[in-house]
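Observations on chain architecture
Residues per chain, in single letters:
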Amino acid sequence: MSSPALPQAEILIIGAGIIGLSLALELDARGARVTVVDRDTALSHASGAAAGMLAVHDPYNPPDLQELAQFSVSVYTEFLQRIERLGGMPVPYQTRITNQYDARGVGTRLVESSIDPRQLAPALLAAAKALSIDIREHEQVEVLPTRAQVVWTTGAWAKHYNVSPRKGQMLRVELPRASTLTEVHRAEHVYIVPRTQGPQAGTALIGATVEDVGFDLTTHAEHLVQLRAAAADLTGDLRFLSDAPIVEAWAGLRPGTPDNLPTLARVNERELVATGHFRNGILLAPGTAKVIADLIEGRQPRIDIAPFRATRYQQRTAQPSR
Ligand SMILES: Cc1cc2nc3c(=O)[nH]c(=O)nc-3n(C[C@H](O)[C@H](O)[C@H](O)COP(=O)(O)OP(=O)(O)OC[C@H]3O[C@@H](n4cnc5c(N)ncnc54)[C@H](O)[C@@H]3O)c2cc1C
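Computed from a predicted model, the values in this text were never measured in an experiment.

Some thoughts on the overall build of the chain
Looking only at helices and strands, one finds 8 helices and 13 strands in the chain. For a compact globule of 322 residues, the expected C-alpha radius of gyration is about 20 Å, and the chain comes in at 20 Å, within 12% of that figure. Reported as C-alpha extents along the three principal axes, the dimensions of the chain are approximately 60 × 60 × 35 Å. In the chain, which comprises 322 residues, the share counted as buried stands at 55%. Long-range pairs, those at least 24 residues apart, make up 74% of the contacts in the chain between residues at least 6 apart in sequence. Just so you have it, the chain exposes about 15000 Å², and 50% of that area is on carbon and sulfur atoms.

Below, the structure written as structure tokens:
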């Protein structure tokens, strides 16, 4: 076996969502000593609220996301297998096909999977704890340590990197016993994601709103009922959803950016940033982890990360000098 690339390097990750914890696993594999600090409970924010689609073929993704999305999905199975090996908790794929509808309602079948983030969260934590990763919840970092490299993975709270919260409301409905729904159905403004494995099997998620309303997590009955009606209208086969009983509803805060692309960059000698994953953080986590670990190692990442540089907004708004 080759020797680890970051032997005993000290890394502090601030933010224990899926981005921070996936990075912690990757850095541990490269030999680093990793601490992850979260001022709240690990995985209790956007990463626990997601539907879990690995939406690599979503036509509404920005084109510049494609290479990172493809890269991340190509390492996903290996990522899930490592999590299971380390922590003993499996995270099965819930679905394998997505039906994507265009504006006229014409559907295309895509080979695209989903997982359940509520299965991933405890499994990822168990994996991190099985390693020597130091996870500190309910702690704030007051002063950055001088010896460590620091990575900001603070999700919707990374306002210094042009990130702002974009709220998503979602509901979970009970499917009729006779339902054979095992594929995702998705249009521009609504999706249905069935759970086929685990404690939520026999239910489906319907999502999601995209709202710019700050750090607000309230759900509204009228929005939920509109989502369910839109889901039922997607195709004739889904009409039964119009009165499917609602099991639960919640909202989460996606880390949004002005161009809907994440920021993955070194910002100075000691600090890096990995945030702004908007609607695709579950999909992009293992690919992001490899990119950021490469940057810490001083290696060229396997994909072009120019679209994700931290300075792109400054350049765009800069006035030409006269
Ligand atoms: C309704 C909804 C549906 C979604 N569906 C999908 C989907 O189907 N597929 C997909 O790929 N993605 C989906 N997403 C997007 C995905 O959830 C996010 O992109 C992803 O979870 C972002 O992960 P994160 O680790 O950056 O952020 P988070 O999970 O929010 O974690 C950030 C962490 O940083 C901590 N933190 C913040 N500031 C500080 C600080 N100063 N000090 C210490 N800790 C701090 C927070 O407490 C938090 O725990 C969905 C999101 C929502 C809301």
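What follows picks up the thread again.
Details of helix α7 (residues 281-297)
An ideal rise of 1.5 Å per residue puts 24 Å on 17 residues; α7 measures up with 23 Å between its terminal C-alpha atoms. Maximum bend of α7: about 35°, positioned at Gly287. Among the 17 residues in α7, 16 count as buried, and that is most of the element. Looking one or two places after α7, you find Gly298, whose phi comes out positive at around 85°.

Quick word on the sheet that holds strand β11 (residues 246-256)
Strand order in the open sheet made by the 7 strands is β4-β3-β8-β9-β10-β7-β11, with mixed pairing throughout. Unpaired on one side and paired on the other, β4 (107-114) and β11 mark the two borders of the sheet. When strand polarity is set aside, the average angle formed by the axes of neighbouring strands in this sheet is 25°. Where strand β3 (residues 95-101) meets β4, 6 bridges bridge the pair, whose relative direction is antiparallel. In the sheet register, Thr95 faces β4, and the bridge partner there is Ser114. Along the sheet, helix α6 (residues 221-232) makes contact with β7 (164-174), β9 (191-195), β10 (203-207) and β11, crossing β7 at roughly 65°.

What counts, and where the lines are drawn
Residues numbered from 1 in each chain as written. Predicted model: local features only at pLDDT ≥ 70, side-chain atom pairs only at ≥ 80, totals over all residues. Heavy atoms only, no water. Helix = DSSP H or I, 4+ residues; strand = E, 2+ residues; numbered from the N terminus. Rg over C-alpha atoms; globule rule 2.2 N^0.38 Å. Buried < 20%, exposed > 50% of the residue type's maximum accessible area, 1.4 Å probe, protein only. Contact = heavy atoms within 4.5 Å. Areas by Shrake-Rupley, 256 points an atom, 1.4 Å probe, with all protein chains shown as cover. Expected span 1.5 Å × (residues − 1). Bend = angle between axes of the 7 residues up to and from the residue. Pairing = 2+ DSSP bridges. Axes fitted to C-alpha atoms, helices over the stretch in contact; angles between N-to-C directions.

Note that all results are geometric; they support no functional claim without further evidence.
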